[in-house]
Amino acid sequence: MRPQAECLDKVIKMVEQLPEEGKIWFNGAFVDWKKAQVHVLAHGLHYGSGVFEGIRCYATEKGSFIFRLKEHVDRMYRSAALYKMEIPYTKAVMTDAIKETVRINGFDACYIRPIAFYGYHHLGVNPAGNPVDCAIATWRWGAYLGEDALKNGIRCIFSSWCRIDPRTLPVTAKATGHYLNSQLAVFEATERGVDEAIMLDINGYVAEGPGENIFAVKNAILYTPEAESAILPGITRDSVITIARDIGYEVVEKPITKAELLSADEAFFTGTAAEVSPIREIDDVTIGEGKRGEVTSVLQKKFFDVVNAKEEKYMSWLEPVSI
Ligand code: PPE
């Protein structure tokens, strides 16, 4: 077997394939999953010129709700603007299309992936003149780092690759090309047999995971890198900061050194896919007691209560979808 094929084989064993059924919203209309295709010479494929979102819809006792849909749509359009891309639909149309995609596929809970990218017309670095293709897909995506991760925490390494610097790319954009940097970090984590990587910025401060923001807890105070640093300022990060402050925890946004993170009482990741995932070990160093910490537990429970419509106070974060 060729090495590439062997590698693919390993991945296929670990990760479930996408479902290939249901409908995908593609440039304004619903098409069968398998028919949502683009040309091999699409600009976005060659130059990573696309922007996307990852959104979750939760099934609750009060019905299905999409978590912070407005913020996700706003970020998608901001990401596009940073790359001078004009999404050919209004935010209102995109918002309705996202809800309709969930509805038409009959999901009570799912992950939602809207994407806008330069399509097929001509190649060359400058994308101007290419069409902007848009799609929205939905599928079931369970716990990002595994069911066990949420309860018992995950093992991480510091990646030898630095997180992309804000002077290199507009890191606040959730752009497809930015994920090559994330992939390199993920490869290292996989090769070293751990669950996830943590990336430092070019100055050696803690930045974020390949698809998650990071928090440290010391003496019941939360620390996380500033929104203006080398991170994608996550919507889950923002939600957890708000929830934590409402509970009465102090949250400090500041540069965090590697040593500070390693000597923290607790650490955890946040993200749409990762939700609130405790970190129990980094580079073979046990964090705190090597399990989900006290503050992390409180915040994780509250976060799940919020997304599951059990907290009246945060209902404005939930967008109902009737299915
Ligand atoms: N940083 C990065 C680099 C990132 O990709 C994400 C989301 C976050 C932080 C957290 O952002 P937010 O989801 O708004 O809290 N990563 C998405 C993609 C994951 C993937 O593997 O694909 C996600 O969680 O949906």
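What you are looking at is a predicted structure, and each value in this text was computed from that prediction instead of being measured.

Parameters at a glance
Residues numbered from 1 in each chain as written. Predicted model: local features only at pLDDT ≥ 70, side-chain atom pairs only at ≥ 80, totals over all residues. Heavy atoms only, no water. Helix = DSSP H or I, 4+ residues; strand = E, 2+ residues; numbered from the N terminus. Rg over C-alpha atoms; globule rule 2.2 N^0.38 Å. Buried < 20%, exposed > 50% of the residue type's maximum accessible area, 1.4 Å probe, protein only. Contact = heavy atoms within 4.5 Å. Areas by Shrake-Rupley, 256 points an atom, 1.4 Å probe, with all protein chains shown as cover. Lys, Arg positive; Asp, Glu negative; His and termini not counted. Charge placed at Lys NZ, Arg CZ, Asp CG, Glu CD. Domains from an automatic or database assignment. Buried area = accessible area lost by both parts, 1.4 Å probe. Salt bridge = Lys/Arg side-chain N within 4 Å of Asp/Glu carboxyl O. Near = heavy atom within 4 Å. Polar contact = N/O pair within 3.5 Å; in protein donor to acceptor, adjacent residues only side chain to side chain. Nonpolar A, V, L, I, M, F, W, Y, C, P; charged D, E, K, R; others polar. Axes fitted to C-alpha atoms, helices over the stretch in contact; angles between N-to-C directions. Parallel < 35°, antiparallel > 145°, perpendicular 65-115°, else oblique. Left-handed = near helix turned anticlockwise from the far one by under 90°. Patch = residues over 30% accessible without salt bridge, like charges linked within 9 Å, V, L, I, M, F, W, Y side chains within 5 Å. Disulfide = S-S within 2.5 Å. Pairing = 2+ DSSP bridges.

K.L.:
Provide a residue-level description of the overall build of the protein chain, including the pertinent values.
P.N.:
Helix and strand counts for the protein chain come out as 9 helices and 17 strands. What you see for the protein chain is a C-alpha radius of gyration of 20 Å, in line with the 20 Å of a compact globule of 323 residues. C-alpha extents for the protein chain along the principal axes are approximately 55 × 50 × 40 Å. Here the protein chain holds 323 residues, and the buried ones make up 49% of them. Restricting the contact set of the protein chain to residue pairs at least 6 apart, pairs at least 24 apart contribute 70%. Of the roughly 15600 Å² of accessible surface on the protein chain, a fraction of 54% belongs to carbon and sulfur atoms. Computing the positive centroid from 36 side-chain charges and the negative centroid from 44, the protein chain places the two 2 Å apart.

K.L.:
Tell me about the domain arrangement of the protein chain, and name the residues and values.
P.N.:
Once the domains are mapped, the protein chain shows domain 1 (18-139) and domain 2 (147-307). Of note, the centres of domain 1 and domain 2, computed from C-alpha atoms alone, are 26 Å apart. On the side of domain 2, 22 residues touch domain 1, which itself brings 21 residues to the contact. For the pair domain 1 and domain 2, the summed buried surface comes to about 1800 Å²; carbon and sulfur atoms form 61% of the total. If you look at where domain 1 meets domain 2, you find 2 salt bridges.

K.L.:
Report on the site of the ligand, specifying residues and quantitative values.
P.N.:
Of all residues adjacent to the ligand, which total 21 residues, the nearest are Y111, Y144, Y179, T236 and T272. Between R113 and the ligand, the recorded distance is 3.0 Å, taken from a side-chain N or O atom to an oxygen atom. Backbone polar atom of A273 to an oxygen atom of the ligand: 2.8 Å apart, as the coordinates give it. Burial of the ligand by the surrounding chains reaches 94%, relative to a free accessible area of 550 Å². Residue composition of the shell around the ligand, by class: 8 nonpolar, 7 polar and 6 charged.

K.L.:
An account of the packing of helix 3 (residues 69-82) against helix 4 (residues 91-104) is needed here, citing residue identities and associated values.
P.N.:
Relative orientation of the contacting elements helix 3 and helix 4 amounts to 125°, with a least axis distance of 10 Å. On the basis of their axis angle, the class for helix 3 and helix 4 is oblique. The handedness of the crossing between helix 3 and helix 4 is right-handed. Where helix 3 abuts helix 4, its residues L69, V73, D74, M76 and Y77 lie against K91, M94, T95, I98 and K99. Taken together, the residues that form the contact of helix 3 with helix 4 break down as 6 nonpolar, 1 polar and 3 charged.

K.L.:
Pulling in residues and values, what's your account of a nonpolar patch on the surface?
P.N.:
A surface patch of nonpolar side chains, about 700 Å² in accessible area, is lined by V40, L41, L45, Y47, Y120, L123 and V125. Turning to its location among the elements, L123 is positioned in the loop between strand 6 (110-118) and strand 7 (132-139). Judged by relative accessible area, which is 36%, L123 ranks as partly exposed.

K.L.:
Before we move on, can you summarise the state of the cysteines with the specific residues and values?
P.N.:
Applying the stated rule across the entire model yields 0 disulfides. Not engaged in a disulfide, the cysteine C57 finds its nearest cysteine sulfur in C110; these two sulfurs lie 4.8 Å apart. Residue classification places C57 among the buried residues on the basis of a relative accessible area of 3%. Free of any disulfide, C156 has its nearest neighbouring cysteine sulfur in C162, separated by 17 Å.

K.L.:
Quick one: what's the story with the pairing of strand 14 (residues 266-271), residue by residue and with numbers?
P.N.:
Counting buried positions along strand 14 gives 6 out of 6 residues, so the element sits mostly inside the fold. A two-sided burial pattern is seen for strand 14, the buried positions comprising E266, F268 and T270 on one face and A267, F269 and G271 on the other. The pairing of strand 11 (residues 213-218) with strand 14 spans 5 bridges and is antiparallel. Residue A216 lies in a different strand from strand 14, and its bridge partner there is A267. As defined by bridge partners, strand 14 adjoins strand 15 (residues 275-282) across 4 bridges and the pair is classed as antiparallel. Pairing of T270 across the sheet is with V276, part of strand 15. Counted along the chain from strand 14 to the antiparallel partner strand 15, the turn is 3 residues long.

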